[in-house]
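Report on the structure
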Amino acid sequence: MHDTFNQGLIEFLRASPTPFHATASLANRLQAAGYQRLDERDAWQLEPGGRYYVTRNDSSLVAFQIGSRTLLEGGLRLVGAHTDSPCLRVKPQPDLQRNGFWQLGVEVYGGALLAPWFDRDLSLAGRVTYSRDGRIESQLIDFRQPIAVIPNLAIHLNREANQGWAINPQNELPPILAQLYSQETPDFRALLAEQLGREHGLVADVVLDYELSFYDTQPAAVIGLNHDFITGARLDNLLSCFAGLQALLASGPEQSCVLVCTDHEEVGSSSHCGADGPFLEQVLRRIVPEPDAFSRCISRSLLISADNAHAVHPNYADKHDGNHGPKLNAGPVIKVNNNQRYATNSETAGFFRHLCLENEVPVQSFVTRSDLAAARPSARSPPASSECARWISACRPSPCIRSGNWPAARTWPIWSRCSPLSIAAANCRSEMGASRGSRRLVIIRAIRRSPARPCPRRCCSPTLRKRPAHR
Ligand SMILES: [Zn+2]
């Protein structure tokens, strides 16, 4: 089961180099599972038992199923994640000619580590808006092949390179696309028009605008001597989008569930399609239009904000509080901050722990060192969700704070073999906190833990991912 989940995740990462592609990947999977696409411009006829999704800006998505249980009785079970990652975005007038090279001016999107962008085989993807026969249309493109590189300066010319080196993004980050010969004049928009034709057979009259970002072409992979780690760009936070999708697709028919994957978390979430914007609330109000019923439904709902947590990096262990350093392959992490940087409270955390215990999933806690400020997680404050009295910040550990955003991306998050946790908002039977037998708010769909040690009798596969015959 781990291999199936992990390979699905790796394929999802490969198909999703940008938030636009991530949203399209989610939409394709939902469509294949029978979810019906909704258009925000249309009137919606939502039916009990119906399964729907809607996108905004092609980069955010809300998917939901309306269960047979009434919304006033069961509320909504929501999982929130984000589709974007720090990257290098191409500027509007990007063409640069310097010393016989064609380069592109780029802007840093989000809080990116810059050094890992050097010496990588970079490709380019995103959305292009163009006119054709008087109509304005948009299309996603992905060059797929390595078409650019940001070469490091040789150490012979920079003897201070290993002594701490501040990177100037304006001067040092423009990727090199090509060498120019004689009278050649670079034209980025002409390149995009060519790509539209090559990739989609489209003939654009004018390329009007675009949102394009560079990405590392090295694919995600399961790595390590014993296959302990998954590495890959954009694991923060596409892994939560993927896990949330699996949870939604696995949900039973009774409970109403919502998956919300939003763009612009890395830059504050406050855009019209971000988690702190109106998107989710506007969708929820169309599911429950009557104001009083909406408030009652929300008060019975729970949102899990799913993202990455920072596991202890063995070379920087002192960056963590000694009692709260999340470990890899040791279960999901509940993030707590008493200054309310995270939404978790003792009731939601307690309930999450209860579910983990029930499903034999180990669970961890994360508290930032008292002398460090806590980062703000995704889906922290969508208005509709903050009306939701109960929510929790639950994350999977990865050791480097921004590693999920490395272009080379070599994040090692999670579990290649242990406790991947799909949070299924399914089969809810009661209010949280109500101690009424086995009734529970959400089902945690846990993939049971495989043993972390090889068979003690040495008679089984030495590969730790395989369960020994003897325990
Ligand atoms: Zn994140």
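Residues numbered from 1 in each chain as written. Predicted model: local features only at pLDDT ≥ 70, side-chain atom pairs only at ≥ 80, totals over all residues.

Concerning the confidence of the model for the protein
Put simply, the rule is: Residue-level confidence of the predictor, termed pLDDT, takes values from 0 up to 100. Note on contacts: residues are paired as contacts if their backbone-placed C-beta atoms lie within 7 Å.
Averaged over every residue, the pLDDT of the protein is 82; residues scoring 70 or more account for 79%. Under a pLDDT of 50 for its full length, residues 378-389 has, in the predicted model, 39 contacts with residues more than four places off or in other chains.

Quick look at helix α2 (residues 19-32)
In an α-helix, one full turn covers 3.6 residues, which means residues spaced three or four apart are oriented alike. To keep things clear, this is the line we draw: Elements are defined by DSSP. Helices are runs of H or I of four residues or more, strands are runs of E of two residues or more, and each kind is numbered from the N terminus. One fewer than the residue count of a helix, multiplied by 1.5 Å, yields its expected span. Partly exposed residues are those falling between the two cut-offs: more than 12 but fewer than 20 other C-beta atoms within 10 Å of their own, whereas 20 or more means buried and 12 or fewer means exposed, with C-beta atoms placed from the backbone.
Spanning 14 residues, α2 covers 20 Å between terminal C-alpha atoms, matching the ideal 20 Å at 1.5 Å per step. Buried within α2 are the following residues: P19, F20, H21, A22, T23, S25, L26, R29 and L30. After α2 finishes, the residue G34 shows a positive phi value of roughly 95 degrees.

Quick look at the pairing of strand β4 (residues 76-82)
In plain terms, the rule: Paired strands are those between which DSSP finds at least two bridges.
Among the 7 residues in β4, 7 count as buried, and that is most of the element. The alternating pattern of β4 places L76, L78, G80 and H82 on one face and R77, V79 and A81 on the opposite face, and all of these are buried. Note that β4 and strand β13 (residues 256-262) share 7 bridges and pair parallel. Looking at the pairing, R77 lines up with C257 of β13. Pairing of β4 with strand β14 (residues 302-310), which is carried by 4 bridges, proceeds in the parallel orientation. In the sheet register, V79 faces β14, and the bridge partner there is I304.

A closer look at the sheet that holds strand β5 (residues 87-98)
Rules: Lines fitted to C-alpha atoms define the axes, with helix axes restricted to the stretch in contact, and inter-axis angles between N-to-C directions lie between 0 and 180 degrees.
Spatially, β8-β7-β10-β5-β6-β9 is the arrangement adopted by the 6 strands of the open sheet, whose pairing is antiparallel. The open sheet terminates on both sides in strands that have one partner only, identified here as β8 (135-142) and β9 (176-179). Taken pair by pair, the neighbouring strands of this sheet meet at an average axis angle of 25 degrees, ignoring direction. Relative to strand β10 (residues 206-216), strand β7 (residues 122-132) is paired through 10 bridges, and the arrangement is antiparallel. Counterpart to A125 in the pairing with β10 is S213. Those strands touched by α2 are β7 and β8, and its axis lies near 90 degrees from that of β8. On top of the sheet, helix α5 (residues 188-200) reaches β5, β6 (101-109), β7, β8 and β10; it is set at about 80 degrees to β8, its chief contact.

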